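Tertiary structure, described
One letter stands for each residue in the lines below.
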Amino acid sequence: MGLNKCKLFDRAFQKVMYVGLAMMHWREPEKIMGAGSLKTVAAKLGELGLNHPLIVTDGYLHSIRIYAPLTDEMDRLGIPYSIYGEAVPNPTVHNIAAAYKLYTEEGCDCLIAIGGGSSMDCAKGCGAQVANPNRTLAQMKGLLKVRKNIPTLFAVPTTAGTGSEVTVTAVITNPEKRDKYLMNDLHLIPHYAVLDPTLTYDLPKHVTSTTGMDTLTHAVEAYIGSANTKRTKENALAAVKLVFENLLTAYEDGHNEEARQNMQVASYRAGLAFTRAYVGTVHALAHAIGGFYGVPHGLANAVLLPVVLRAYGKSAHKKLAELADLVGIKGETAEEKANAFIAAIEDLNKKMEIGDKIGGKWKILDEDLPALAKHAFDETNPLYPVPKILSEKELIGLYKLIQE
Ligand SMILES: NC(=O)c1ccc[n+]([C@@H]2O[C@H](COP(=O)([O-])OP(=O)(O)OC[C@H]3O[C@@H](n4cnc5c(N)ncnc54)[C@H](O)[C@@H]3O)[C@@H](O)[C@H]2O)c1
Ligand SMILES: [Fe+2]
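Residues numbered from 1 in each chain as written. Chains lettered and ligands numbered in written order. Predicted model: local features only at pLDDT ≥ 70, side-chain atom pairs only at ≥ 80, totals over all residues.

1. Some points on the site of ligand 1
As a reminder, the rule being used: Any residue whose C-beta atom, as set from the backbone, lies within 6 Å of a molecule or strand is reported as near that molecule or strand. The helix count covers DSSP runs of H or I at least four residues long, the strand count covers runs of E at least two residues long, and both are numbered beginning at the N terminus. The classification used treats Ala, Val, Leu, Ile, Met, Phe, Trp, Tyr, Cys and Pro as nonpolar, Asp, Glu, Lys and Arg as charged, and all other residues, Gly among them, as polar.
As a structural note, the neighbourhood of ligand 1 is formed by 32 residues, with P89, G116, G117, S118 and S164 the closest of them. Only α3 (59–63), α6 (117–131), β7 (169–174), α7 (205–224) and α11 (297–312) provide two or more residues apiece to the shell around ligand 1. No other element matches the 4 residues that α6 contributes to the shell around ligand 1. Considered class by class, the residues forming the shell around ligand 1 number 9 nonpolar, 19 polar and 4 charged.

2. Observations concerning the packing of helix α8 (residues 230–252) against helix α9 (residues 257–277)
Put simply, the test is: Axes here refer to lines fitted to C-alpha atoms; in helices the fit is confined to the stretch in contact. Angles between the N-to-C directions go from 0 to 180 degrees. For classification purposes, an angle smaller than 35 degrees is called roughly parallel, one larger than 145 roughly antiparallel, one from 65 to 115 roughly perpendicular, and anything else oblique. Each crossing gets its hand from how the near helix is turned against the far one by less than a right angle, where anticlockwise is left-handed and clockwise is right-handed. What counts as a contact is two residues whose backbone-derived C-beta atoms lie within 7 Å of each other.
Where α8 meets α9, the axes come as close as 8 Å, and the angle between the chain directions of the two elements is 150 degrees. On the basis of their axis angle, the class for α8 and α9 is roughly antiparallel. Considering only the axes of α8 and α9, their crossing is left-handed. Only A259, R260, N262, M263, V265, A266, R269, A270, L272, A273, R276 and A277 of α9 make contact with α8, whose side of the interface consists of T232, N235, A236, A238, A239, L242, V243, N246, L247, T249 and A250.

3. Some thoughts on the sheet that holds β7
Here is the rule we go by: Strand pairing requires that DSSP identify at least two bridges connecting the strands.
Read from one edge to the other, the open sheet built from 3 strands follows the order β5-β8-β7, with strand pairing classed as mixed. Only two strands of the sheet have a single partner each, and these edge strands are β5 (142–143) and β7. Here β7 pairs with strand β8 (residues 179–184) via 6 bridges, running antiparallel. For T173, the partnering residue across the bridge sits in β8 and is K180.

4. A word on the domain arrangement of the protein
Definition in use: Just so you know, the domain bounds were taken from an automatic or database domain assignment.
By domain assignment, the protein separates into domain 1 (3–22 + 203–402) and domain 2 (34–200). On a C-alpha basis, the centres of domain 1 and domain 2 stand 25 Å from each other. Every contact between the two is made by 28 residues of domain 1 and, on the other side, 24 residues of domain 2. Where the side of domain 1 that touches domain 2 is concerned, the elements lending two or more residues are α7, α9 and α10 (281–293). Ranked by the residues each element gives to the side of domain 1 that touches domain 2, the list is headed by α9, at 14 residues. Class assignment for the residues of the side of domain 1 that touches domain 2 results in 11 nonpolar, 14 polar and 3 charged.

Have a look at this one:
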């Protein structure tokens with residue numbers, strides 16, 4: 001199909017999806033918020049008649065026992081639990097298989113994901129497998145393929161963040177196939193989102209910065225896309241404002257409770273926006289280099305966000321100018337405001353020591369460019385209602401701009 005025909009098809013598909021999604025039942029997790037709120041999950045389990053959770057986390061967080069406030073309380077109350085503590089950044093199909101094995105062997109009846117997007121997505125994948133024991137993860141790839149209720153899932157983000165605590169998405173990597181794919185299904189929305197700012201106090205600075213830029217990317221991509229509802233707009237705007245007002249403080253003063261809590265709320269609200277109104281080309285390009293080279297998701301987004309916004313050109317000026325107004329960035333025309341907003345994103349990156357290239361151990365190889373661009377193009381189209389559909393050739397050009 002030529003690009004023009006493809007564009008017509010994509011826009012028609014997006015309209016149908018918009019109407020379809022409006023008719024679906026969008027559940028929102030129950031929020032449990034505040035410093036020390038993780039501990040209260042133990043009592044909640046009792047209230048819900050749940051007997052034996054599987055805690056899912058990653059290797060590092062397992063080693064520092066990030067879950068200790070909760071497990072100490074469960075020990076006190078005599079609630080048994082099991083721990084899968086080996087999720088890796090960009091969790092793999094193997095992580096999910098191992099977590100699922102533990103879940104069934106230990107007779108678990110609910111899931112508590114404690115960690116960043118990687119731990120939460122690993123738990124979602126495990127939940128999908130519990131709900132569908134006779135189907136492979138690959139069979140649940142894509143849109144609305146989980147189709148059954150997953151066990152009660154508490155999502156406890158320790159980064160701010162992916163928004164996975166509120167989204168329909170799990171992002172899963174198959175390292176053998178160098179594939180990073182999405183499972184999108186309403187059944188994957190966690191039942192509880194636990195926003196305890198103390199869990200993010202000791203985030204390394206580069207994780208605070210890059211995961212914060214992931215949140216900003218969610219909010220911006222959702223807002224400039226054409227699938228917004230009144231609610232997604234409100235959430236995206238709130239998240240952009242919260243990021244501009246709090247990310248730098250959280251970066252510079254990790255134990256600032258207010259900034260940390262606000263970043264968690266930003267992550268949550270950006271998640272609410274993009275899970276309904278989608279992300280865009282930034283995420284598609286980031287997922288491809290995440291799958292190929294393991295580039296951390298937030299870093300990839302931070303570097304790509306200004307590059308893609310510029311490539312959208314005129315098609316995004318009006319919306320970006322609105323975001324500029326929101327955060328007090330000045331300019332005469334919509335174009336000037338949009339460019340100033342993009343420059344402010346670059347400035348924020350710079351202040352947090354995020355460069356404008358992806359390189360070093362994550363070198364983007366010339367010979368991979370066509371495959372990377374195809375991966376990103378196929379992820380974007382027809383699903384993401386981006387302001388401007390970019391061709392594979394244009395996407396290669398964007399990768400070249402961030403190649404070291
Ligand atoms: N499901 C969704 O809606 C969604 C959306 C965006 C991204 N993602 C996916 O989420 C994953 C990335 O998640 P992430 O950016 O949150 O990072 P992550 O979960 O991979 O964690 C990054 C690193 O930070 C460390 N870390 C996390 N919390 C910490 C803490 N409190 N203190 C110290 N270290 C801590 C982890 O151990 C890890 O080494 C990717 O796979 C991405 O594709 C999912
Ligand atoms: Fe993201």
